[in-house]
Amino acid sequence: ENFCAAGACNYQAQDCAAGQSCLPSDTPPASGDWPPKCFPAGTQLAGQACTQWSECAAGHFCAGVSTGSPGACRKLCCGGDWSACAEGESCYQQLFLLRAGATDPSYASADLCAPVNDCDVFESGSCDSGKSCHIVDPTGNVACVQSGSAELGETCSAAERCVAGFACVGGACRRLCRAVEGGGEPSCPPAEGICVHFVRNPPGVGECTPTG
């Protein structure tokens, strides 16, 4: 809750009156964020189809609407807080909105819970074009997200992801490796250390960890 943008309500606490939902404001200021505001809640549940922001049940936002195609209701969360999401989801999908008169959407200082563990970090073809499979939270959940450009040892963050096959550890990209008994591929080049599995990694996945 402490990661959420300031406003009339809190996306994760959902502290509006009964029958209302805390959502991004529909009248954002000329610059800055879409401050949270209370609106009448809809009835569509997580994962159900929707076409308007207000169609979803309390705490959920209608995401992914495009011309001729409906979106889906996703639970709002903040700052990548995976603990706010239901099992099988994590808080990794950033919410971008298009301001009136603008040509490019901007980050609304809110995130969405979205499905995880539907791809393989070692399989380049497990995601659609333009996306790659990455670890998206500290519990080892993975998902298809926009491909990054940061390479081995380069600076990375939630906004600047590593290239496929790498993870952002301590603000720098580290190679992922197959952490199984007897070794496996991909393995670690000698200069990058040994393959170590951490709790932040998916099962069977480790990080090339310096030994010095």
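Structure: see above.
Keep in mind that what you see is a predicted model, and the values were worked out from it rather than measured.

What's the story with the state of the cysteines in this structure? I'm lost.
Linking two cysteines covalently via their sulfur atoms produces the bond known as a disulfide. The final tally for this structure, using the stated rule, is 13 disulfides. Covalent S-S linkage joins Cys-85 and Cys-113, the inter-sulfur distance amounting to 2.0 Å. Its S-S torsion of about -85° marks the bond between Cys-85 and Cys-113 as left-handed, since a negative value means left-handed. With Cys-85 in the loop between strand S5 (71-77) and strand S6 (89-97) and Cys-113 in strand S7 (residues 106-115), this pair connects stretches of sequence that are 28 residues apart. Its relative accessible area of 0% is what places Cys-113 among the buried residues. Covalently, Cys-162 is tied to Cys-173 through a disulfide, its sulfur atoms 2.1 Å apart. The disulfide joining Cys-162 to Cys-173 has a torsion of about -100° about its S-S bond and is therefore left-handed. Taken together, the residues span a long stretch of sequence, with Cys-162 in the loop between strand S9 (142-146) and strand S10 (166-169) and Cys-173 in strand S11 (residues 172-178) at a distance of 11 residues. Looking at Cys-162, the relative accessible area reads 3%, which means it is buried.

How should I be thinking about the packing of aromatic side chains in this particular structure?
Ring pairs (aromatic) are described by centroid distance and by the angle formed between their planes. A full pass over the atoms with the stated rule returns 2 aromatic pairs. Between Trp-53 and Phe-61, the aromatic rings sit 5.1 Å apart at their centres with planes inclined by 55°, giving tilted as the arrangement. A residue is classified by how much of its surface remains accessible, and Trp-53, at 30% relative accessible area, is partly exposed. Here Phe-61 falls in the buried class, since its relative accessible area comes to 2%. Ring centres of Phe-96 and Tyr-107 lie 5.8 Å apart, and the angle between their planes is 45°; this geometry places the pair in the tilted category. Here Phe-96 is found in strand S6, whereas its partner Tyr-107 is found in strand S7, with 11 residues between them in sequence. The side chain of Arg-200 reaches across the aromatic face of Phe-198, ending 4.2 Å from its centre.

Looking at this structure, I do not really get the side chain of Ser-21. What am I missing?
Counting through the fold element by element, Ser-21 comes out in strand S1 (residues 20-24). Polar contacts involving the side chain of Ser-21 include one to the main-chain amide nitrogen of Gly-59, which spans 2.9 Å. Look past the residues within four positions of Ser-21 in its chain and what remains in contact with it is Gln-14, Cys-16, Lys-37, Cys-38, Phe-39, Pro-40, Ala-41, Ala-57, Ala-58, Gly-59 and His-60.

What exactly am I supposed to notice about the nonpolar core here?
For soluble globular proteins, the rule of thumb is that nonpolar side chains tend to be buried together. In this structure, Tyr-11, Phe-61, Leu-76, Leu-95, Leu-97 and Leu-112 are the most contacted members of the largest nonpolar core, which totals 17 residues. Among the elements of the structure, S1, strand S4 (60-63), S6 and S7 are those that each provide at least two residues to this core. Per-element tally for this core: the top contributor is S7, with 3 residues. If we skip the residues at most four places from it in the chain, Leu-95 touches Pro-24, Phe-61, Leu-76, Ser-106, Tyr-107, Ala-108, Ala-110, Asp-111 and Leu-112. One finds Val-121, Cys-127, Cys-144 and Val-169 within the second-largest nonpolar core, a separate group that totals 11 residues.

What am I meant to see in the pattern of salt bridges here?
Where charged atoms from two side chains of opposite charge approach closely, those side chains can pair. Counted according to the given criterion, the structure contains 3 salt bridges. Among the salt bridges present, the one from Arg-175 reaches Glu-192, with a minimum N-O distance of 2.7 Å. In this pair, Arg-175 sits in strand S11 while Glu-192 sits in the loop between S11 and strand S12 (194-196), placing the two residues 17 residues apart along the sequence. Overall, the relative accessible area of 22% leaves Arg-175 in the partly exposed class. Here Arg-200 and Glu-207 are joined by a salt bridge, their closest N and O atoms 2.7 Å apart. What makes Arg-200 partly exposed here is its relative accessible area of 32%.

Each value, and the rule that gives it
Residues numbered from 1 in each chain as written. Predicted model: local features only at pLDDT ≥ 70, side-chain atom pairs only at ≥ 80, totals over all residues. Heavy atoms only, no water. Disulfide = S-S within 2.5 Å. Helix = DSSP H or I, 4+ residues; strand = E, 2+ residues; numbered from the N terminus. Buried < 20%, exposed > 50% of the residue type's maximum accessible area, 1.4 Å probe, protein only. Phe/Tyr/Trp six-rings, centres within 6.5 Å; stacked < 30°, edge-to-face > 60°. Lys NZ or Arg CZ within 6 Å of the ring centre and 35° of its normal. Polar contact = N/O pair within 3.5 Å; in protein donor to acceptor, adjacent residues only side chain to side chain. Contact = heavy atoms within 4.5 Å. Core = buried A, V, L, I, M, F, W, Y, C linked by side-chain atoms within 4.5 Å. Salt bridge = Lys/Arg side-chain N within 4 Å of Asp/Glu carboxyl O.

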